[in-house]
Amino acid sequence: VWVPVNAAIRGFRISDGCVCCIDFSEITLNASRAGIVAPQPNVQPNAWNSAARPWVVNAYGQIFQWTGKQWRRIPGHATDVGIGANGAVWIIGANKVRGGYGIFRWENGRWVQVPGGAVRIDVGPDGRPWIVNASNQIFQWTGSEWMIMPGLAKDIGIGSDGSAWVIGTNEVKGGYGIYRWKNGVWTRVSGGAVRIDVGPDGSPCVINSYEQIFQWIGDEWVMMPGRARDIGIGGDGSIWIIGTSKTLGGYGIYQWAKGLWKRVSGGAVAISVNPCGIARPVPVEGDPTAPSEGGSESAPSGVSPGDSR
């Protein structure tokens with residue numbers, strides 16, 4: 001990882017655009033003119049701060065994070081969720097606004113709304129989201145405002161290396177055209193899909209309109225077993241899907257492990273995988289992310305996305 005030299009860094013983000021996940025450890029990066037000596041992290045394991053912790057949204061708009069053994073409820077309501085390589089968490093809320101639904105970031109234990117509306121979201125390695133609104137327009141958050149990007153999209157995925165991919169709006173076999181952001185333009189690649197997420201090396205996985213799953217390897221699509229409705233990839237390359245088997249809360253949730261899809265408890269409709277971030281839920285009064293009046297089915301109380309007990 002190329003970083004500023006002779007600097008002690010604590011947390012996740014390195015300001016020159018590189019990101020590393022160091023689990024709240026502090027590392028000192030030493031270098032000479034010839035190059036950088038490999039950093040030696042002081043690892044402090046934290047169950048809430050390790051790789052591949054997915055966040056899901058269920059059919060009732062409830063938000064959950066996987067602890068490794070069970071689902072933990074996060075305050076608020078959402079229709080989509082996105083997590084950056086620095087651990088930043090953003091959601092598309094359930095409150096209707098112009099352009100789709102409200103946009104929120106997790107900050108100091110609560111959801112803080114930013115201007116605008118969207119229907120799909122993913123987050124770059126610097127914690128800045130990209131969104132697609134109800135008109136299929138693409139925007140990137142600059143830190144203080146939305147910057148419109150060229151093109152139109154149905155879905156978007158950002159890798160932890162900053163690679164941006166979209167599902168376009170041109171109908172093709174399997175859904176819509178697939179594009180990656182390269183040299184300031186959207187470059188078409190083969191295939192068609194309806195959902196996308198991007199791995200740490202910039203290679204995406206997609207789901208097509210037949211619910212088939214494909215992974216981009218080299219310069220071609222390789223089909224994976226199983227079927228899915230949404231997909232998320234962690235900073236360690238782990239792959240999670242929302243399957244097609246109906247269950248309370250939406251559809252079954254699965255993790256790719258040793259060449260098979262391993263079922264975990266619960267049900268959901270959207271997923272994003274947390275590479276290294278942590279959220280400590282606190283009660284939120286006057287939830288700003290809540291569905292607009294009459295806009296969503298009421299949810300059962302519970303501690304998992306698919307089990308109200």
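On a predicted model such as this, the values are computed, not experimentally measured, just so you know. (Residues numbered from 1 in each chain as written. Predicted model: local features only at pLDDT ≥ 70, side-chain atom pairs only at ≥ 80, totals over all residues. Heavy atoms only, no water.)

As a further point, take the overall build of the chain. Of regular secondary structure, the chain possesses 0 helices and 28 strands. Residues counted as buried form 50% of the 309 residues belonging to the chain. Within the chain, contacts between residues at least 6 apart in sequence are counted, and of these 44% link residues at least 24 apart. If you sum the accessible surface of the chain, you get close to 14,300 Å²; carbon and sulfur atoms cover 49% of it. (Helix = DSSP H or I, 4+ residues; strand = E, 2+ residues; numbered from the N terminus. Buried < 20%, exposed > 50% of the residue type's maximum accessible area, 1.4 Å probe, protein only. Contact = heavy atoms within 4.5 Å. Areas by Shrake-Rupley, 256 points an atom, 1.4 Å probe, with all protein chains shown as cover.)

Right, let's talk about the pattern of salt bridges for a bit. Following the criterion strictly, the structure yields 5 salt bridges and no others. With a closest N to O distance of 3.4 Å, R120 and D80 form a salt bridge. A residue pair is termed long-range when its members are at least 10 positions apart, and R120 in strand β12 (residues 120-123) and D80 in strand β8 (residues 80-83) qualify at 40 residues. The burial state of R120 is the same as that of D80; both residues are buried. Between R105 and E107 there is a salt bridge, and its shortest N-O distance comes to 2.7 Å. For R105, a relative accessible area of 24% translates into the label partly exposed. A single network of salt bridges, built from pairs that share partners, joins D80, R120, D155 and D230. (Salt bridge = Lys/Arg side-chain N within 4 Å of Asp/Glu carboxyl O.)

Counting 13 residues, the largest nonpolar core has W55, I63, I74, V81, V89, I91 and W111 as its most contacted members. Counting residues per element, the ones that place at least two in this core are β5 (53-57), β8, β9 (89-97) and β10 (100-107). Residues contacting W111, with those up to four places away along its chain left out, are W55, I63, I74, P75, G76, V89, I91, F104, R105, W106, P288 and T289. (Core = buried A, V, L, I, M, F, W, Y, C linked by side-chain atoms within 4.5 Å.)

The subject of this paragraph is the packing of aromatic side chains. Enumeration according to the criterion identifies 10 aromatic pairs in this entry. Taken together, a centroid distance of 4.8 Å and an interplanar angle of 65° make the contact between W216 and W221 edge-to-face. Of the two residues, W216 and W221, both sit in the buried class. Grouped by ring-pair contacts, the aromatic residues W66, W71 and W240 constitute a single cluster. Geometry around F64 places R73 over its ring, the cationic atom sitting 5.8 Å from the centre. Across from the ring centre of Y179, 5.7 Å away, lies the NZ or CZ of R188, which sits over that ring. (Phe/Tyr/Trp six-rings, centres within 6.5 Å; stacked < 30°, edge-to-face > 60°. Lys NZ or Arg CZ within 6 Å of the ring centre and 35° of its normal.)

We now examine the sheet that holds β8. In space, the 4 strands of this open sheet follow the order β8-β9-β10-β11, with antiparallel pairing throughout. On the outer flanks of this sheet lie β8 and β11 (110-118), each paired with one strand and no other. Taken over all neighbouring pairs, the strand axes of this sheet differ in orientation by 30° on average, direction set aside. As paired strands, β8 and β9 are joined by 4 bridges and run antiparallel to one another. Bridging across to β9, G82 finds its partner in W90. (Pairing = 2+ DSSP bridges. Axes fitted to C-alpha atoms, helices over the stretch in contact; angles between N-to-C directions.)

Time to look at the pairing of strand β18 (residues 175-182). Judged from the 5 bridges that link them, strand β17 (residues 164-172) and β18 form a sheet pairing that is antiparallel. Its bridge partner lying in β18, V172 is registered against G175. Hairpin connection of β17 to β18: 2 residues between the antiparallel strands, including G174 at a positive phi of 95°. Of the strand pairs in this sheet, β18 and strand β19 (residues 185-193) are connected by 7 bridges, and their pairing is antiparallel. Each bridged residue has a counterpart across the sheet, and for K182 the counterpart in β19 is V185. Hairpin connection between β18 and β19: a loop of 2 residues separates the two successive antiparallel strands, and N183 in this loop has a positive phi of roughly 55°.

Summarising the element assignment, V119 is placed in the loop between β11 and β12. Using a relative accessible area of 28% as the deciding quantity, one classes V119 as partly exposed. It is 7.3 Å that separates the C-alpha atoms of V119 and D80, two residues lying 39 residues apart in sequence. The residues touching V119, leaving out its near neighbours within four places in the chain, are D80, I92, G99, G100, V132, N133 and A134.

Overall, the prediction assigns the chain a mean pLDDT of 80, with 74% of residues at 70 or greater. This stretch, residues 1-50, has a pLDDT under 50; its non-local contacts, to residues over four places away or in other chains, come to 89 contacts. Scored below 50 in pLDDT, residues 276-284 makes 31 contacts in the model with residues more than four places away or belonging to other chains. (pLDDT = per-residue confidence, 0-100.)

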